[in-house]
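# Structural overview
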Amino acid sequence: MINKIKLLPESVANQIAAGEVILRPSSIVKELIENSVDSGASKISLIIKNAGKTLIKVADNGSGIANDEIELAFVRHATSKIKIAQDLFKIKTNGFRGEALSSIAAISNVEAVSRKKNDKLAKSIKITGSKIQNNEFKVASVGTSISVKNLFYNVPARRNFLKSDNVELRHIIDEFHRIALINYNTNFIFINNENEIFNLKKSIFKERIVRIFGKSTKEKLVPINELTEIANIEGFIIKPEYSRKTKTSQFFFVNNRFVRCILPFSSFDTCHC
């Protein structure tokens, strides 16, 4: 018997789509913090429990989401960052596809609270498996707070794929480093299992590097600044005597977006961001 072609149920389609965006807890950390950066926030807090398997919470004091738009923000391909196809050629934000929030909501329990400056009250919604369970108004500061709980509760195979807490926490710290490094004009707080790991104040680039990697880094840094016909290159490198054989301490950013090159930079098709 030939099986008939049918549309997948929305819940199944959302879970499949989520698997393409959310690989592990660090994926959520990246997406949520980048949204906070895009909101113009000057202060961003990250709270983690059990390496993100139990809780990932990102709160900011950015522009917030309008009361009548917060539910729409969790619908697939809903975004404020692009409007027409031509916008894809002049991206100035981090996230832009409108998939992150919907993917997160498809495989976890989400509570989002957001308030814009001109709104008297914040709007709060709770979502489980892409379904809105509750929405209400409440008192809250301007900005957005998103809590993600019970990650992959409805996708046990994906949850079993996760590594130990130490490994998953290392991935989260790596993502935090990448975003906090380049956004040195923003205050960042990182709390893991109620212990404060980072409390980074607004600073200059060099100071942010030292605060993340330790005071001993300061004497090793050499500034570089080169203006060419195709790019303006600036940053810091380590003195040769302190160089390492691994690439774990290499951070490259293009237009403030982290990029990773598996092979030398001459092979542009191997760069990923």
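In the block above lies the structure referred to throughout.
Here goes a summary of the coordinates provided. No experiment lies behind these values; they were computed from the predicted model shown. Counting restarts for each chain, with residues numbered from 1 along the sequence as it is written. For this predicted model, a pLDDT threshold of at least 70 governs which residues receive local features, and a threshold of 80 or more governs which side-chain atom pairs are given and counted, while totals over whole chains, interfaces and linings are taken from all residues. Remark: hydrogens and water are excluded; side-chain values derive from all non-hydrogen atoms of the structure.

## With respect to helix α5 (residues 165–182)
- Numbering goes from the N terminus for both helices and strands, where a helix is a DSSP run of H or I of at least four residues and a strand is a run of E of at least two. Given a helix with a known number of residues, its expected span is that number minus one, times 1.5 Å. Between its first and last C-alpha atoms α5 spans 26 Å; for 18 residues at 1.5 Å apiece the expected length is 26 Å, and the two agree.
- Residues of α5 that are buried include every one of Glu168, Leu169, Ile172, Ile173, Glu175, Phe176, His177, Arg178, Ile179, Ala180, Leu181 and Ile182, and no others. Think of it in three bands: residues with accessible area under 20% of the maximum for their type are buried, residues over 50% are exposed, and the middle band is partly exposed, with areas taken using a 1.4 Å probe on protein chains only.

## Looking at the sheet that holds strand β1 (residues 43–49)
- By definition, two strands form a pair when at least two bridges between them are found by DSSP. Ordered in space as β5-β4-β3-β6-β2-β1-β7-β8, the 8 strands form an open sheet in which the pairing is mixed. The open sheet terminates on both sides in strands that have one partner only, identified here as β5 (131–138) and β8 (195–200). Across the sheet, the mean angle separating the axes of adjacent strands is 10 degrees when strand polarity is ignored.
- Of the strands in this sheet, β1, β2 (55–60), β6 (143–149) and β7 (187–192) are in contact with helix α2 (residues 25–38), which crosses β2 at around 10 degrees.
- Contact between two residues is taken to exist if any of their heavy atoms lie within 4.5 Å; hydrogens are not considered. Axes, fitted as lines to C-alpha atoms, cover a helix only where it is in contact. Angles between the N-to-C directions of the axes lie from 0 to 180 degrees. Taken strand by strand, α5 contacts β1, β7 and β8, and its axis lies near 175 degrees from that of β7.

## What about the packing of α5 against helix α6 (residues 205–213)?
- Relative to each other, α5 and α6 sit at 155 degrees, their axes nearing to 9 Å. As judged from the angle between their axes, α5 and α6 are roughly antiparallel. Our pair here, α5 against α6, has a crossing hand that is right-handed. Contact residues: α5 offers His177, Ala180 and Leu181, while α6 offers Phe205, Arg208, Ile209, Ile212 and Phe213. By definition in this entry, angles of less than 35 degrees are roughly parallel, angles greater than 145 are roughly antiparallel, angles of 65 to 115 are roughly perpendicular, and the rest are oblique. Note on convention: near helix rotated counterclockwise from far helix by under a right angle means a left-handed crossing. Clockwise means right-handed.

## Describing the packing of aromatic side chains
- Ring pairs shown here join Phe, Tyr and Trp side chains whose ring centres sit within 6.5 Å, with only the six-membered ring taken for Trp; geometry is labelled stacked below 30 degrees between planes, edge-to-face above 60, and tilted in between. This model, assessed by the stated rule, comprises 9 aromatic pairs.
- Seen from their ring centres, Phe176 and Phe190 are 5.0 Å apart, and the 45 degrees between their planes marks the pair as tilted. Note that Phe176 is positioned in helix α5 and Phe190 in strand β7, a separation of 14 residues in sequence.
- Judged by relative accessible area, Phe176 falls into the buried class, the value being 1%.

## Overview of the pairing of β8
- Relative to β8, β7 runs antiparallel, the two sharing 5 bridges. Each bridged residue has a counterpart across the sheet, and for Ile189 the counterpart in β8 is Asn199.
- Remark: 2 residues form the turn of the hairpin made by β7 and β8, two consecutive strands paired antiparallel; Asn193 in that turn has positive phi of roughly 50 degrees.

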